[in-house]
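Residue-level structural notes
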Amino acid sequence: MRILMVCLGNICRSPLAEGVLRHKVSKKKLPWTVDSAGTAAYHIGNPPDHRMILTSKANGIDISGLCARQFTAIDFVNFDRIYVMDQSNYNNVLRLAKTNTDRSKVFFLLDHLHPSNQMEVPDPYYGNQSNFDEVFTLVNEATEALITDLTNDK
Ligand code: 4NP
């Protein structure tokens, strides 16, 4: 299974989702590939936002070594499932889809907690610590459910 997490800047939500999912996948020894990307180009080459690094570290996961990159159409070939955080990410990713197969790979991360509700992981960039903590909680619960759903390990 090859999984790509996508948000806007690839410095807050999707690198956290990458780090948290990779941590769980490694503990369970699953042969999965996990990566992340942003739909925007603003932060290409940058590490995650320091507030997300600290929030993640406080929960035992180090994401400080990650590096932002932009989502491209090639990602539809290189990944089996593409998880977006919000509706705007969804629209931006779908705009680059060429085939129905491409489109069928795109999901909201919170679908694993609230199927087909298209619920969003809110953008914490202009928020405070409680917004970053909320993102961690949502991402942690959703990635746990993702593994359960995709491995039928119920
Ligand atoms: P992310 O958060 O999409 O979760 O990485 C953001 C990061 C940067 C910006 C917006 C959201 N920005 O406007 O620069």
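Residue numbers run consecutively from 1 along every chain, following the written order of its sequence. Two thresholds apply to this predicted model, a pLDDT of at least 70 for residue-level local features and 80 or more for giving and counting side-chain atom pairs, whereas whole-chain, interface and lining totals are computed over all residues. Side-chain metrics rest on all non-hydrogen atoms present in the structure, leaving aside hydrogens and water.

The local shell around the ligand consists of Cys7, Leu8, Gly9, Asn10, Ile11, Cys12, Arg13, Tyr42, His43, Asp123, Tyr125 and Tyr126. A distance of 2.9 Å separates an oxygen atom of the ligand from a polar atom in the backbone of Leu8. Any pair of N or O atoms that falls within 3.5 Å is considered a polar contact. Within protein, one atom must be able to donate a hydrogen and the other to accept it, and sequence-neighbouring residues count only if both atoms are side-chain atoms. Here Asn10 contributes a backbone N or O atom positioned 3.3 Å from an oxygen atom of the ligand. We get accessible surface area from the Shrake-Rupley algorithm with a probe of 1.4 Å; when it comes to residues, only the shown protein chains can shield them. Considered on its own, the ligand offers 350 Å² of accessible surface; in the complex 92% of this is hidden by protein. All amino acids are sorted into three groups, where Ala, Val, Leu, Ile, Met, Phe, Trp, Tyr, Cys and Pro are nonpolar, Asp, Glu, Lys and Arg are charged, and the leftover types, Gly among them, are polar. For the shell around the ligand, the residue count by class is seven nonpolar, three polar and two charged. Any residue with a heavy atom lying within 4 Å of a molecule or strand is counted as near it.

Position of Pro47 relative to the elements: it lies in the loop between strand E2 (33-38) and helix H2 (50-58). Expressed as a C-alpha distance, the spacing of Pro47 and Arg69, which sit 22 residues apart in the sequence, is 9.9 Å. Strands here are runs of E lasting at least two residues and helices are runs of H or I lasting at least four, both read from the DSSP assignment and numbered beginning at the N terminus.

A few words now on the pairing of strand E3 (residues 81-84). Burial along E3 is two-sided: Arg81 and Tyr83 and Ile82 and Val84, pointing in opposite directions, are all buried. Criterion used throughout: strands pair if DSSP finds at least two bridges between them. In this sheet, E3 lies alongside strand E1 (residues 2-7) in parallel orientation, the contact comprising four bridges. Across the sheet, the residue bridging to Leu4 is Ile82, located in E3. As paired strands, E3 and strand E4 (residues 106-108) are joined by three bridges and run parallel to one another. Its bridge partner being in E4, Tyr83 is matched across the sheet by Phe107. For the exposure calls, accessible area comes from a 1.4 Å probe over protein chains only, and a residue counts as buried if that area is under 20% of its type's maximum, exposed if over 50%, partly exposed in between.

This next bit is on the sheet that holds E3. Spatial strand order, E2-E1-E3-E4: four strands in an open sheet with parallel pairing. Either end of the sheet is taken by a strand with one partner, and the two such strands are E2 and E4. In this sheet, neighbouring strand axes are inclined to one another by 25 degrees on average, regardless of whether the strands run parallel or antiparallel. Strands in contact with helix H1 (residues 13-27) are E1 and E2; relative to E2, the strand with the most contacts, it is inclined by about 175 degrees. Sitting on the sheet, helix H4 (residues 87-95) is in contact with E1, E3 and E4, with an inclination near 175 degrees to E4. Inter-axis angles, ranging from 0 to 180 degrees, are taken between N-to-C directions of lines fitted to C-alpha atoms, where helices are fitted over the stretch in contact. Whether two residues are in contact is decided by their heavy atoms, any of which lying within 4.5 Å being enough.

These values are about where atoms sit, not about what they do.
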